[in-house]
Amino acid sequence: MTIRNLTRREFLRDTAATGGAVAVAGQASLGDALAAPPPVADRKPELHQVTIRLNGTDQQLRIDPRTTLLDLLREHLHLTGTKKGCDMGACGACTVLLDGKRVNACLLLAARLDHREVQTIEGLANGEELHPLQAAFIEHDGFQCGYCTPGQIMSAAGLLNEGRPTDERSIREWMSGNICRCGAYPNIVTAIRQASGRA
Ligand code: FES
Ligand code: FES
């Protein structure tokens, strides 16, 4: 049947039939959408149970597998000494020690750290006695605003653990992942050099 030959009655009949089909299809897709699972972001993941040795004490935790070590420390355990700067591994503000080695806490999923040992700035002093690095940073003004300082100190602690050379050039190189927006680098290097003889 060509358009030219359509009568008004035929046109209305065909339109009603086609429109009805569209409506039925529309209802079916709405039904499918309502029955579909929620978007991934809205689903509640299964919590993971992990035991992390944190600053010398075992912590048994049930955590969302998407939680980074940094968010676990700051948001869940309220250890806010570890700072969030870039949250993408570029600034070093979140540096902590994992089994004695330096890591960026923003790049690690906490659920994968079962039975690992984490040390943060809160666990560095020996009771009331500051760690030699903490004392040296204070003595040599190794900070201005202080935002990068916990990361700098934990990174320096890792550097000393690693037995790296502690001449100025080596310290600058091995601390290059820790950014200080205040530019306190000369004093940071001096503090680390001094602490390397005491730590
Ligand atoms: Fe982790 Fe910047 S916050 S490297
Ligand atoms: Fe301000 Fe380093 S002391 S960013």
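Preceding this section is the structure that the text describes.
Okay, so let's go over this structure.

The rules behind the values
- Residues numbered from 1 in each chain as written.
- Chains lettered and ligands numbered in written order.
- Predicted model: local features only at pLDDT ≥ 70, side-chain atom pairs only at ≥ 80, totals over all residues.
- Heavy atoms only, no water.
- Helix = DSSP H or I, 4+ residues; strand = E, 2+ residues; numbered from the N terminus.
- Buried < 20%, exposed > 50% of the residue type's maximum accessible area, 1.4 Å probe, protein only.
- Contact = heavy atoms within 4.5 Å.
- Areas by Shrake-Rupley, 256 points an atom, 1.4 Å probe, with all protein chains shown as cover.
- Pairing = 2+ DSSP bridges.
- Expected span 1.5 Å × (residues − 1).
- Arc of directions from axis to C-beta.
- Axes fitted to C-alpha atoms, helices over the stretch in contact; angles between N-to-C directions.
- Polar contact = N/O pair within 3.5 Å; in protein donor to acceptor, adjacent residues only side chain to side chain.
- Core = buried A, V, L, I, M, F, W, Y, C linked by side-chain atoms within 4.5 Å.

Focus: the overall build of the protein chain
- Counting secondary structure elements, the protein chain contains six helices and five strands.
- Mapped from its N terminus to its C terminus, the protein chain presents α and β elements in the order α-β-β-α-β-β-β-α-α-α-α.
- Among the 199 residues that make up the protein chain, the fraction classed as buried is 32%.
- Pairs at least 24 residues apart make up 54% of the contacts formed inside the protein chain by residues separated by at least 6 positions.
- Total accessible area computed for the protein chain in this model is approximately 12100 Å², and 52% of it derives from carbon and sulfur atoms.

Quick word on the pairing of strand 4 (residues 101-104)
- Here four bridges tie strand 3 (residues 95-98) to strand 4, and the two strands are oriented antiparallel to one another. Within strand 4, the position partnered with Leu-98 by the bridge is Lys-101.
- Where strand 3 folds back on strand 4, the antiparallel hairpin that results is connected by two residues, among which Asp-99 adopts a positive phi of roughly 50 degrees.

Here we look at the environment of Leu-72
- Among the secondary structure elements, Leu-72 is positioned in helix 2 (residues 69-76).
- According to the relative accessible area criterion, Leu-72 is buried, its value standing at 2%.
- Each C-alpha atom, one on Leu-72 and one on Ala-105, is 9.3 Å from the other, the two residues being 33 residues apart in sequence.

Thoughts on the pairing of strand 2 (residues 57-63)
- The sheet contact formed by strand 1 (residues 48-54) and strand 2 spans seven bridges and is antiparallel. Across the sheet, residue Arg-53 finds its bridge partner in strand 2, namely Asp-58.
- Hairpin remark: strand 1 followed by strand 2, antiparallel, with two residues in the connecting loop; positive phi at Asn-55, about 50 degrees.

Comments concerning helix 6 (residues 185-196)
- Between the first and last C-alpha of helix 6 there are 16 Å, a value that for twelve residues agrees with the 16 Å anticipated at 1.5 Å per step.
- Residues of helix 6 that are buried: Ile-188, Val-189, Ala-191, Ile-192 and Ala-195. Mapping the buried residues of helix 6 onto a view down its axis gives an arc of 160 degrees, with all of them on the same face.
- Elements in contact with the buried residues of helix 6: helix 3 (132-139), helix 4 (149-161) and helix 5 (168-174).

Points about the environment of Leu-159
- Along the chain, the position of Leu-159 falls in helix 4.
- With a relative accessible area of 0%, Leu-159 lands in the buried category.
- With residues up to four places along the chain from it excluded, the contact list for Leu-159 reads Arg-102, Arg-164, Thr-166, Ile-171, Trp-174 and Met-175.

Thoughts on helix 2
- Those residues of helix 2 lying buried are Leu-69, Leu-70, Leu-72 and Leu-73.
- Where the residues of helix 2 are buried, they touch strand 1, strand 2, strand 3 and strand 5 (117-119).
- One or two positions beyond helix 2, positive phi appears at His-78, with a value near 60 degrees.

Digging into the sheet that holds strand 5
- The strand order across the open sheet built from five strands is 2-1-5-3-4, with neighbouring strands paired in mixed fashion. On the outer flanks of this sheet lie strand 2 and strand 4, each paired with one strand and no other. Going across the sheet, the axis of each strand differs from the next one's by a mean of 40 degrees, ignoring polarity.
- Contacts between helix 4 and the sheet are confined to strand 3, strand 4 and strand 5, with strand 3 contributing the most and set at about 35 degrees to the helix.

Focus: the side chain of Ser-170
- Secondary-structure assignment places Ser-170 in helix 5.
- Residue class for Ser-170 comes out buried when judged on its relative accessible area of 13%.
- Among the polar contacts listed, one links the side chain of Ser-170 to the side chain of Asp-167, at a separation of 2.6 Å.

Re the nonpolar core
- Ranked by size, the top nonpolar core spans 21 residues in total, and within it Leu-124, Leu-133, Phe-137, Ile-153, Met-175, Ile-188 and Ile-192 carry the most contacts.
- Taken together, the elements giving at least two residues each to this core come down to helix 3, helix 4 and helix 6.
- Apart from the residues within four sequence positions on either side, Ile-188 is in contact with Phe-137, Gly-142, Gln-152 and Cys-180.

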